[in-house]
Amino acid sequence: MSHATSQTGPLRHFLQFRDLTTDEINYIFARTQLIKNKFKRYEAHHTLHDRNLAMVFEKASTRTRVSFEAGMYQLGGSVINLTTKDSQLGRAEPIEDTARVISRMVDLVMIRTFEQTRLERFAAHSRVPVINGLTNEFHPCQILADIFTFIEHVGSIKGKTVAWIGDANNMAYTWLQAAEMLGFCLHVSAPKGYELEAQRIGTQPANVLKQFSNPLDACRGAHLVTTDVWTSMGFETENEDRRRAFANWCVDAGMMAAADPSAIFMHCLPAHRGEEVTGDVIDGPQSVVWDEAENRLHVQKALMEFLLLGQINS
Ligand code: CP
């Protein structure tokens, strides 16, 4: 019997942040802390011994690739890496057929792709858990890492304010799901034409979402200021228009000064210093971007373990 048919319990995917319950997210954060502590002590933690992760990259990656691959090996498992270019996906094999085949051979799949619907089609035909490693619509693993990082540096995020400055992209929509579930307020400031889409966000109470035309106003009183590149992967043809539109959406010392005195700065990376953030902010004392990047490793180990084993104590 292949591992792919031996899983107990209902099949769970992590395609967007709200695929987990609030209790499950809090469990994953607690588990992340345990796993991270053991990692720092060089203690083995082989809960996924002999399990196999397939990673499918249809877009470029540094952090997601390394954190999932290193993480699975550290859990005692192994990894297969596929890209569009070096697989039959690049020769138009249907995503459904790819899912049927891969999920008979491995225990877990992580995909980075374009449309969320493409990820959903894969998951609908998979026998094993599927993880969103970034789509045009959501980046839930990154927000797990970001909130874990916030908890490490500041404490509980409940009741706090997060300022999202710049493109209302996959990160912003995932932050919004997290705000709804974990009880914090998301301030969003994006240039005209690049704001959150009304039909995607529905009606949100003011203690969950506030939108600002002026990015400085969005930063006022925030406990976390965060941003992303002006042009996300897949939107490169809009580069020149975006450079003009986003010129005032650069997180700088003035914005950080408007935030709470204890505020921290995050960026999911890669960053373009001098565009969405100044060098003195991202390389300054309020920035926690390197901890944030490292925490991708630890939260994803906890996530993979949870999707395959459920809540465990070992
Ligand atoms: N933040 C993030 O997802 O980084 P990569 O694109 O390098 O994976």
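Above this text sits the structure in question.
S.K.: I would appreciate a short explanation of the overall build of the protein in the present structure.
M.R.: Check the secondary structure of the protein and you find 12 helices and nine strands. For 314 residues, the compact-globule estimate of 2.2 N^0.38 gives 20 Å, and the protein sits close to it at 19 Å. Here the protein holds 314 residues, and the buried ones make up 55% of them. Long-range contacts, defined here as pairs at least 24 residues apart, represent 74% of the contacts in the protein between residues at least 6 apart. Carbon and sulfur atoms make up 51% of the accessible area of the protein, which totals about 13200 Å². Of the side-chain charges in the protein, 31 are positive and 37 negative, and the distance between the mean point of each set is 4 Å.

S.K.: Got a minute to help me understand the pattern of salt bridges in this structure?
M.R.: When their charged atoms lie close together, side chains carrying opposite charge are able to pair. In this structure the tally under the stated criterion is 15 salt bridges. Residues Arg 118 and Glu 58 are paired through a salt bridge, measuring 2.7 Å at the closest nitrogen-oxygen approach. On the criterion of sequence distance, the pair formed by Arg 118 in helix 4 (residues 116-124) and Glu 58 in the loop between strand 1 (52-57) and helix 2 (63-74) is long-range, its members being 60 residues apart. Residue classification places Glu 58 among the buried residues on the basis of a relative accessible area of 12%. Close ionic contact of Glu 275 with Arg 243 constitutes a salt bridge, the shortest N to O distance being 2.7 Å. A residue pair is termed long-range when its members are at least 10 positions apart, and Glu 275 in the loop between strand 9 (264-267) and helix 11 (279-282) and Arg 243 in helix 9 (residues 239-245) qualify at 32 residues. On the accessibility criterion, Glu 275 (18% relative accessible area) is buried. One network of salt bridges, in which partners are shared, links Asp 167, Glu 238 and Arg 242.

S.K.: Is there a simple way to explain helix 3 (residues 95-102) in this structure?
M.R.: Each α-helix turn comprises 3.6 residues. Residues three or four places apart therefore point the same way. Listed as buried for helix 3 are Ile 95, Glu 96, Thr 98, Ala 99 and Ile 102. With its buried residues spanning 160° around the axis, helix 3 presents them on a single face. Residues of helix 3 that are buried in the fold lie against strand 1, strand 2 (78-83), strand 3 (108-112) and helix 4.

S.K.: Teacher, can you tell me more about the side chain of Thr 161 here?
M.R.: Here Thr 161 shows up in strand 5 (residues 161-165). Classification of Thr 161 by relative accessible area gives buried; the value is 13%. Those residues in contact with Thr 161 that sit more than four places away from it in its chain are Cys 185, His 187, Gly 221, Ala 222, His 223 and Leu 224.

S.K.: What exactly am I supposed to notice about helix 6 (residues 170-182) here?
M.R.: Here helix 6 contains 13 residues, and its C-alpha end-to-end distance of 18 Å stays within 8% of the 18 Å for a straight helix at 1.5 Å per residue. Of the positions making up helix 6, those classed as buried are Asn 170, Met 171, Ala 172, Tyr 173, Thr 174, Trp 175, Leu 176, Gln 177, Ala 178, Ala 179, Met 181 and Leu 182. The opening residue of helix 6, the one whose side-chain oxygen lies 3.0 Å from the backbone nitrogen of Met 171, is Asn 169. After helix 6 finishes, the residue Gly 183 shows a positive phi value of roughly 75°.

S.K.: For this particular structure, what's the right way to read the site of the ligand?
M.R.: Around the ligand sit Ser 61, Thr 62, Arg 63, Thr 64, Arg 112, His 139, Gln 142, Cys 268, Leu 269 and Arg 296, and those are all the residues in its vicinity. Between the ligand and Arg 63 there is a distance of 2.8 Å, counted from an oxygen atom to a backbone nitrogen or oxygen. At 3.0 Å from a nitrogen atom of the ligand is found a side-chain nitrogen or oxygen belonging to Gln 142. Taken by itself the ligand offers 260 Å² of open surface, and the protein chains cover 94% of this. Considering only residue class, the shell around the ligand consists of two nonpolar, five polar and three charged.

The rules we used
Residues numbered from 1 in each chain as written. Predicted model: local features only at pLDDT ≥ 70, side-chain atom pairs only at ≥ 80, totals over all residues. Heavy atoms only, no water. Helix = DSSP H or I, 4+ residues; strand = E, 2+ residues; numbered from the N terminus. Rg over C-alpha atoms; globule rule 2.2 N^0.38 Å. Buried < 20%, exposed > 50% of the residue type's maximum accessible area, 1.4 Å probe, protein only. Contact = heavy atoms within 4.5 Å. Areas by Shrake-Rupley, 256 points an atom, 1.4 Å probe, with all protein chains shown as cover. Lys, Arg positive; Asp, Glu negative; His and termini not counted. Charge placed at Lys NZ, Arg CZ, Asp CG, Glu CD. Salt bridge = Lys/Arg side-chain N within 4 Å of Asp/Glu carboxyl O. Arc of directions from axis to C-beta. Expected span 1.5 Å × (residues − 1). Polar contact = N/O pair within 3.5 Å; in protein donor to acceptor, adjacent residues only side chain to side chain. Near = heavy atom within 4 Å. Nonpolar A, V, L, I, M, F, W, Y, C, P; charged D, E, K, R; others polar.

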